[in-house]
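If you want the building blocks of each chain, they are given just below.
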Amino acid sequence: MNDTSLKNDGRTGFSRRRFITGTGSLLGAAALAGPTPSAWATPRTAAAPIASGSRVPALVIGTGYGGCVAALRLAQAGTDVHMAEMGMAWDTPGPDGKIFANTTRPDDRSFWLRTRTKQPLSNFLGFPLDRNVNRYTGILDAEEFGGITVYQGRGVGGGSLVNGGMAVTPRRENFGAILPTVDAEEMYSTYYPRANSGLGVTTIDPAWFEEADCYQYARVGRKHAQRAGFPFLFVPAVYDWDYMKREAAGTVPRSALDGEILYGNNHGKKSLQKTYIDRIRATGRVTISPLHKVTTVTPAPGGGYTVLIDQLDTTGRTTATKTVTADKVFFAAGSVGTSKLLVGLKATGALPLLNDEVGRGWGDNGNVMCGRANHLWDPTGKLQASIPTGGIDNWDAGGAFAEVAPLPTGIETWASFYLSITKNPHRARFTWNAAAGRAELDWQTAWKQPSIDAAKTIFDRINRKEGTIYRSDLFGVHKIWGDHLTYHPLGGAVLDKATDNYGRLHGHPGLYVIDGALIPGNTSVNPFVTITALAERNIERIIATDL
């Protein structure tokens, strides 16, 4: 099956118009509905935020993987911690009874301070999927730079709220290229196991995988990969597989089987809220302030650091600016957030002793997306679990690892969809634009070509073997490659360059980077397990030597 056969298959009477009208929620709600008044206009949590004038032993900026590791281990060591989170708490159901919006029905909750959605898969059969929404502090930030859109989670739990949950540890033989100054032996014997345990990482039951309707798409992806000579690998994830089995049996509300992923998952996914943050709250030593954005960090006259924090409402407006003193500050705002903040603090003189490596070494983990149009005898299934379970490994020969990803439209598409992670050598830099008062990234669109070339080593071969073609209707009109984005931003404050080998920022004692900004641009697989394991390693040393 190819794009032409989608338009008019004389044998089945299956027309392009009929296909579009059959998508229901995918296009009808996601693309064609007009904006409606926001039903989510008030903050979702009544927790008391940090007070202006407070002094805290440790301030963690951000609540993603690295920040949660730091907060938990510091609290367990007896240190009181405050976490400032720019996004919302995501702890209260909305008027529809759900905390998170459905992937195929985006609403105000779905995007961070946008008036129109910007979905990674922007088109289907030539029809645009994006729609107008009300400006709101939603869960997914599509942050646009020159040449690339970076997707990031916004809220307590950071990227764990919006990622696909694929919890992959890199092959050990690749680790030297990922973090060359880190001891691989201690990572694989101590910190990767600690991270996997803390995150609740497990692997799907292979027997259930073989029979589950919701993974027909993955079995088709496996068949095509293996017939083309590529290994198909089961990969671990942070989903409650027993819950998914009950979803399939119809005994619990559907979550992954209702396509929930991109804008949060209401039930089965083990985001940080259900793992590290649960344990953080149990210590009694950590408080979290949602809708609090750190803007400035400067040395305090009496020691420690003076931190300015804007409190936001759900339109993004600053309602108060607070001054807090912290003995130690941990930057965990994500690769982009940490990099932008540090670049600005150095350029404006707030932290003048930061070195020139700040802002450098940023990469996109080689992300590129594509779809393939399968034959009519290779349906991928109307019901598709939103949690990927497998990948195609051609890293050694072609520099690519590809997730077999879901396309959970609720209809049969005969499409195989993939997110590839590739060995892309290009690294960008954040710099400060003084006139505009913001940090900018010098990524170039042309730098995605090595990623496309690497992905083609897999999919050109599969297409030749199967007699299939690429889909050209998913990322625009006649556009095959989703080369405009990344889900996996990394770098910008690289370990042992902008920091020492444990994340201490040069020039300013008591300041640390503890997130994906430490990793120089690529992990060869989905990065969050590596971010977590590195944070576990670093905070252990920091607690032992600096507190």
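Reading guide: rules and limits
Residues numbered from 1 in each chain as written. Predicted model: local features only at pLDDT ≥ 70, side-chain atom pairs only at ≥ 80, totals over all residues. Heavy atoms only, no water. Buried < 20%, exposed > 50% of the residue type's maximum accessible area, 1.4 Å probe, protein only. Helix = DSSP H or I, 4+ residues; strand = E, 2+ residues; numbered from the N terminus. Pairing = 2+ DSSP bridges. Contact = heavy atoms within 4.5 Å. pLDDT = per-residue confidence, 0-100. Core = buried A, V, L, I, M, F, W, Y, C linked by side-chain atoms within 4.5 Å. Salt bridge = Lys/Arg side-chain N within 4 Å of Asp/Glu carboxyl O. Axes fitted to C-alpha atoms, helices over the stretch in contact; angles between N-to-C directions. Expected span 1.5 Å × (residues − 1). Bend = angle between axes of the 7 residues up to and from the residue. Arc of directions from axis to C-beta. Polar contact = N/O pair within 3.5 Å; in protein donor to acceptor, adjacent residues only side chain to side chain.

Student: I'm lost on the pairing of strand β8 (residues 148–153) in this one. Help?
Tutor: The side chains of a regular strand alternate, first on one face of the sheet and then on the other. Within β8, six of the six residues are buried, leaving the element largely enclosed by the surrounding structure. In β8, alternate side chains face the same way, and those of Ile148, Val150 and Gln152 on one face and Thr149, Tyr151 and Gly153 on the other are all buried. Pairing analysis gives six bridges linking strand β7 (residues 140–145) to β8, with the strands arranged antiparallel. Counterpart to Ala142 in the pairing with β8 is Tyr151. Hairpin connection from β7 to β8: two residues lie between these consecutive antiparallel strands, with Gly147 at a positive phi of about 95 degrees. One ladder, built from two bridges, connects β8 with strand β21 (residues 485–486); its direction is parallel. When the sheet's bridge partners are listed, Val150 is paired in β21 with Thr486.

Student: Teacher, can you tell me more about the environment of Leu490 here?
Tutor: Along the chain, Leu490 falls in the loop between β21 and β22 (511–513). Judged by its relative accessible area of 0%, Leu490 is buried. With 33 residues separating them along the chain, Leu490 and Thr523 place their C-alpha atoms 8.6 Å apart. Setting aside anything within four residues of it in sequence, one finds Leu490 in contact with Ser335, Gly361, Trp362, Gly363, Asn365, Gly516, Ile519, Gly521, Asn522, Thr523, Pro527 and Ile531.

Student: I tried to follow the confidence of the model for the protein chain on my own but got confused; where do I start?
Tutor: Low pLDDT means the predicted atomic positions in that stretch should not be read closely. Summing up the model confidence of the protein chain, the mean pLDDT is 92 and the portion of residues at 70 or higher is 91%. Within the protein chain, β22 carries the highest mean pLDDT (99), whereas helix α1 (residues 3–7) carries the lowest (33). Across residues 1–35, where pLDDT falls below 50, the model places 79 contacts with residues more than four positions away in sequence or in other chains.

Student: Help me understand the nonpolar core in this model?
Tutor: Where a protein is soluble and globular, its nonpolar side chains tend to be buried together. Of all hydrophobic cores here, the largest spans 88 residues; its most connected members are Met83, Leu199, Val297, Val329, Phe330, Phe331 and Trp362. Core analysis: the second largest hydrophobic core is formed by 71 residues, Phe100, Ala237, Val252 and Leu485 among them.

Student: Just checking my understanding: could you explain the pattern of salt bridges for this structure?
Tutor: Across all of its chains, the model carries 32 salt bridges by this definition. Measuring nitrogen to oxygen at the nearest pair gives 2.9 Å for the salt bridge that ties Arg194 to Glu540. Highlighted residues: Arg194 in helix α6 (residues 184–199) and Glu540 in helix α14 (residues 528–546), separated in sequence by 346 residues. In this structure, the salt-bridge partner of Asp378 is Lys223, at a minimum N-O distance of 2.5 Å. Here Asp378, found in the loop between β14 (368–373) and β15 (390–394), pairs with Lys223, found in helix α8 (residues 216–227); they are 155 residues apart in sequence, far enough to count as distant. If you follow the salt bridges from partner to partner, you end up with Lys98, Arg105, Asp258 and Glu260 in one network.

Student: Can you help me understand the sheet that holds β7 in this one?
Tutor: Two strands in a sheet stick together by hydrogen bonds in their backbones, pointing the same way (parallel) or opposite ways (antiparallel). As summarised here, the arrangement of the three strands in space is β7-β8-β21, forming an open sheet in which the pairing is mixed. Looking at which strands have only one partner, the edges of the open sheet turn out to be β7 and β21. Those strands touched by helix α11 (residues 334–347) are β7 and β8, and its axis lies near 50 degrees from that of β7.

Student: Looking at this model, I keep getting lost on the sheet that holds strand β16 (residues 400–405). Mind explaining?
Tutor: Spatially, six strands are ordered β9-β15-β16-β17-β14-β20 in an open sheet, and the strand pairing comes out antiparallel. With one partner strand each, in any of the chains shown, β9 (232–234) and β20 (469–470) form the two edges of the open sheet. Bridging between β9 and β15 involves three bridges; their strand directions are antiparallel. Of the residues in β15, the one forming a bridge with Leu233 is Gly391.

Student: How do you make sense of helix α13 (residues 449–466) when you look at a structure like this?
Tutor: Every α-helix carries 3.6 residues per turn, so stepping three or four residues along brings you back to the same face. Along its 18 residues, α13 runs 25 Å from first to last C-alpha, staying within 8% of the 26 Å computed at 1.5 Å per residue. Considering bend angle alone, the principal kink of α13 is centred on Lys456 and spans about 40 degrees. Of the residues making up α13, those classed as buried are Ser451, Ile452, Ala454, Ala455, Ile458, Phe459, Ile462, Asn463 and Glu466. Gly467 sits one or two residues past α13 and shows a positive phi near 70 degrees.

Student: Could you clarify how one ought to interpret helix α9 (residues 241–249) in this entry?
Tutor: The complete set of buried residues in α9 reads Trp241, Tyr243, Met244 and Glu247. One side of α9 carries all its buried residues, which in axial view fall inside an arc of 150 degrees. Residues of α9 that are buried sit in contact with α7 (206–211). With a side-chain oxygen positioned 3.1 Å from the backbone nitrogen of Asp242, the residue opening α9 is Asp240. One or two residues past the end of α9 sits Gly250, with phi positive at roughly 80 degrees.

Student: Would you mind going over the side chain of Thr79 with me for this structure?
Tutor: Positionally, Thr79 belongs in the loop between α4 (65–76) and β4 (81–84). Taking relative accessible area as the criterion, Thr79 reaches 14% and is therefore assigned buried. When residues no more than four places from it in sequence are discounted, the contact partners of Thr79 are Pro57, Ala58, Leu74, Arg285 and Leu547.

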